[in-house]
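Structural features, examined
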Amino acid sequence: MSKIKLITVSRDFGIDIDHIIERISSKVNGEIIDKHKILNYLKEININVEEFIKKEKELIYGKKDKEFIEDYKKYIKEGVKLIIEEKDSILFLLGRGGQFIFRDEDYAFHLNIFAPLNFRIKYLTQKYLLPEEKALEIIKEKDFEREAFYSIMFGTDWKNPYLYNLVIDRSVFTPEEIEDMILKIIEKKEISKIQLEQIPLPTKPNFANKSEEEFAKILSFYQIRWEYEPRTFPLEWDSEGNIVESFTPDFYLPDFDLYIELTLQKPRVMSEKLKKIKKLKELYPNIKIKLFYGKEYEKLLAKFGVMGIR
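Structural notes, computed from the coordinates. (Residues numbered from 1 in each chain as written. Predicted model: local features only at pLDDT ≥ 70, side-chain atom pairs only at ≥ 80, totals over all residues. Heavy atoms only, no water.)

A few points about the packing of helix α2 (residues 35-44) against helix α3 (residues 49-60)
Our working rule: Axes here refer to lines fitted to C-alpha atoms; in helices the fit is confined to the stretch in contact. Angles between the N-to-C directions go from 0 to 180 degrees. The helix count covers DSSP runs of H or I at least four residues long, the strand count covers runs of E at least two residues long, and both are numbered beginning at the N terminus. Here the angle decides the label: under 35 degrees means roughly parallel, over 145 means roughly antiparallel, 65 to 115 means roughly perpendicular, and every other value means oblique. Note on contacts: a residue pair qualifies if any of its non-hydrogen atoms lie within 4.5 Å across the two residues. Only Asp, Glu, Lys and Arg are considered charged, only Ala, Val, Leu, Ile, Met, Phe, Trp, Tyr, Cys and Pro nonpolar, and every remaining residue, Gly among them, polar.
Where α2 meets α3, the closest approach of the two axes is 10 Å, and the angle between their N-to-C directions is 130 degrees. When the interaxial angle is binned, α2 and α3 end up oblique. Contact with α2, carried on its side by Lys-35, Leu-39, Leu-42 and Lys-43, involves Val-49, Phe-52, Ile-53 and Glu-56 of α3 and no other residues of that element. When its residues are assigned to classes, the contact of α2 with α3 shows five nonpolar, no polar and three charged.

Side note on the pairing of strand β12 (residues 258-263)
Quick reminder of the rule: Partly exposed describes any residue whose relative accessible area lies between the buried limit of under 20% and the exposed limit of over 50%, with all areas from a 1.4 Å probe on protein chains only and scaled to the type maximum. Here the rule is simple: two strands pair whenever DSSP picks up at least two bridges between them.
Of all six residues that make up β12, five are buried, and the element is covered over most of its length. Bridge count between strand β11 (residues 251-253) and β12: three bridges; the pairing is antiparallel. Paired with Tyr-252 across the two strands is Tyr-259, which belongs to β12. In textbook terms, the turn of a hairpin is the stretch between consecutive antiparallel strands, and for β11 and β12 this stretch comprises four residues, one of which, Asp-257, has a positive phi near 50 degrees.

A look at the side chain of Glu-31
Inspection of the secondary structure assignment puts Glu-31 in strand β3 (residues 31-33). Take Glu-31: its relative accessible area is 15%, and that puts it in the buried class.

Overview of the packing of helix α1 (residues 17-27) against helix α8 (residues 175-188)
In plain terms, the rule: Crossing chirality is assigned from the near helix's rotation relative to the far helix, an anticlockwise turn below a right angle marking it left-handed and a clockwise turn marking it right-handed.
With their axes 10 Å apart at the nearest point, α1 and α8 run at an angle of 45 degrees to one another. In terms of orientation, α1 lies oblique with respect to α8. By crossing handedness, the relation of α1 to α8 is classed as right-handed. Here α1 contributes Ile-17, Ile-20, Ile-21, Arg-23, Ile-24 and Lys-27 to the contact with α8, which in turn contributes Pro-175, Ile-178, Glu-179, Ile-182, Leu-183 and Ile-186. Residues of the contact of α1 with α8, tallied by class, amount to nine nonpolar, no polar and three charged.

Written out as structure tokens, the structure reads:
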């Protein structure tokens, strides 16, 4: 058991989580560490802040400066640890890659709060009186910048749910409910660490291709239960009862009782797969199946920031 000293907060752009964290921090006599406080710390240790901000922005546009990346992680970690040593209170680190920088620290609890696109658009239109088209444009721009930053800085996807101790859908819970959840975590005061030998480790499915693996990550991030190729449907038998044709959909979503088949093939070259799906629907009329193919599937992946799968 480890005492919670730091809560890292990752969040989608276009939700009101910062205000919720401010209220929680006030109730527990905590302290929020945001970009402004980090920059003040850098000034105190005589770091050129203007140059730091410039290099941080350059990462978004693909300029990988290995020395700056290591310095960035070092400064964030040293600055936060210094505050932890000075203060006997809970710290809330907003963004800054805290889930990566402090992922191996027993005293850190990692929180991610997300919301569907329509919720984020509605929030921005109501808060800033923006047209929906402009709100969508801003969200896409900020999402792209964040994806690029984390990809270059930490070499991985910040939406991976396994980075976090708790993932919350803001569109499902009220601010009061989210506040209550986080306060209950703080009241526990300690993080229970399960030893790996106590639980069986899941075996990663052998996905047929990269696109299936990315789709599984999206489902996991949004807490949608899925099974990979759980059932094979016989479609045709010979005279002796042997199965001569069958079809195995890629995914099954038990909460929706829905099978998903994915393919990047163009419609004109996937006639065999379409025939199989047609047979499946005829033989098993109660089975629900959705096919995503070609550009339709690429658009679906792009919506969640996954590009260049082909």
